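Topology and contacts: notes
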Amino acid sequence: MRGNLQTKARRQDVVTLDRSGFEDACADLMAQVTQDFRPDALIGIRTGGFYVAEAMARSAGSALPVLPLTCRRASTAIKEKSGAFKALVARLPRPLVDRLRVWEHAMLTRGGGTELGEPYRFDPDELSHLDRWLSCHGRGASLLIVDDAVDTGATLAHVMEAVAHRAPDGADIRSAVITVTTPQPRISPWYRLYDQQLCRFPWSFDA
């Protein structure tokens with residue numbers, strides 16, 4: 001059974017979250033979570049999920065630990081969009097930028113995206129940190145895995161599997177994201193703020 005999915009209605013092709021709006025969205029997501037779940041720690045999937053987890057912890061007003069976890073496809077070369085490309089996008093009308101984002105999303109998720117069987121790599125130092133935390137919290141640990149968005153769901157599925165494998169029996173492991181962008185991802189997060197909605201975050205290349 002999933003948590004109370006009090007998702008916001010789809011409003012437009014792309015919802016832009018500035019710094020203030022992002023903090024509000026993370027607070028709303030944390031409020032949804034704490035209606036029926038009290039995590040002992042948040043695990044933020046880098047990069048965007050870690051930012052979301054940190055903001056959620058701030059909104060809780062307590063010293064809730066946030067553990068980073070990097071999960072990337074072994075075949076993926078991480079490429080930063082160039083400064084020139086970002087400068088070009090900044091000059092374009094926002095409706096056109098929104099359409100480009102919708103097109104990019106459609107291309108990336110066409111055919112279901114990455115297969116779950118493809119190897120993924122985790123940061124070994126982050127895994128060691130997670131193992132140390134788990135060793136101190138016994139069977140009753142409650143963990144919330146956080147990401148900014150779920151597209152195909154492959155990354156979240158791999159992280160959930162990896163954490164469940166390392167956690168002690170009896171641990172309660174759930175997930176939360178700002179948005180789910182596709183109608184049928186391979187794994188559905190326990191909590192979400194938006195459903196089938198593209199979001200532009202403060203760190204997005206076209207923010």
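Figured I'd write up the structure that's included with this text.

Rules and cut-offs
Residues numbered from 1 in each chain as written. Predicted model: local features only at pLDDT ≥ 70, side-chain atom pairs only at ≥ 80, totals over all residues. Heavy atoms only, no water. Helix = DSSP H or I, 4+ residues; strand = E, 2+ residues; numbered from the N terminus. Buried < 20%, exposed > 50% of the residue type's maximum accessible area, 1.4 Å probe, protein only. Salt bridge = Lys/Arg side-chain N within 4 Å of Asp/Glu carboxyl O. Expected span 1.5 Å × (residues − 1). Arc of directions from axis to C-beta. Contact = heavy atoms within 4.5 Å. Pairing = 2+ DSSP bridges. Right-handed = clockwise from strand over helix to strand, strands pointing away. Axes fitted to C-alpha atoms, helices over the stretch in contact; angles between N-to-C directions. Parallel < 35°, antiparallel > 145°, perpendicular 65-115°, else oblique. Nonpolar A, V, L, I, M, F, W, Y, C, P; charged D, E, K, R; others polar.

The helix and strand tally for the chain stands at six helices and nine strands. Looking at the 207 residues of the chain, the share that counts as buried comes to 44%.

Throughout the structure, instances matching the rule amount to six salt bridges. Note that R46 and E126 form a salt bridge whose closest N and O atoms lie 2.9 Å from each other. Taken as a pair, R46 in the loop between β2 (41-45) and α2 (48-60) and E126 in helix α5 (residues 124-135) lie far apart in primary sequence, 80 residues in all. Here R46 falls in the partly exposed class, since its relative accessible area comes to 35%. The buried category is assigned to E126, whose relative accessible area is 11%. A network of salt bridges, in which partner residues are shared, links D36, D172 and R174.

If you check α5, its first and last C-alpha atoms are 16 Å apart, about what 12 residues at 1.5 Å a residue would give, namely 16 Å. Within the sequence span of α5, burial applies to E126, L127, L130, W133 and L134. Taken end-on, α5 shows its buried residues confined to a sector of 120°, consistent with a single buried face. Residues P124, D125, R132 and S135 are exposed on α5 and point more than 90 degrees away from its buried face. In the core, the buried residues of α5 are packed alongside β2, β3 (66-69), β5 (120-122), β6 (142-150) and α6 (154-166).

Among the five residues that make up β2, five are buried, leaving the element largely enclosed by the rest of the structure. Alternating residues of β2 divide into A41, I43 and I45 and L42 and G44, and every residue in both groups is buried. The pairing of β2 with β6 spans four bridges and is classified as parallel. If you follow A41 over to β6, its bridge partner there is L143. Regarding topology, α2 serves as the crossover connection from β2 to the parallel β3, and that connection is right-handed.

A few words now on the pairing of strand β7 (residues 172-180). Counted residue by residue, β7 has eight buried out of nine residues, so it is predominantly covered. Note that β6 and β7 share eight bridges and pair parallel. When the bridges of β7 are listed, S142 appears paired with D172. Crossover connection from β6 via α6 to parallel β7: handedness right-handed. Inspection of the sheet shows β7 paired to strand β8 (residues 191-195) by four bridges, in the parallel sense. Note on β8: the bridge partner recorded for T179 is Y194.

So, on to the packing of helix α1 (residues 19-33) against α2. Their axes nearest at 8 Å, the elements α1 and α2 cross at an angle of 70°. It follows from the interaxial angle that α1 and α2 lie roughly perpendicular. For the pair α1 and α2, the contacting residues are F22, E23, C26, A27, L29, M30 and V33 in the first and Y51, V52, A55, M56, R58, S59 and A60 in the second. Looking at the contact of α1 with α2, its residues break down into 11 nonpolar, one polar and two charged.

Attention shifts here to the sheet that holds β7. An order of β3-β2-β6-β7-β8 is seen for the five strands of this open sheet, with the pairing classed as parallel. Either end of the sheet is taken by a strand with one partner, and the two such strands are β3 and β8. Between one strand axis and the next, the sheet turns through 20° on average, direction left out of account. In the packing of α5 onto the sheet, contacts are made with β2, β3 and β6, and the angle to β3 comes to roughly 145°.

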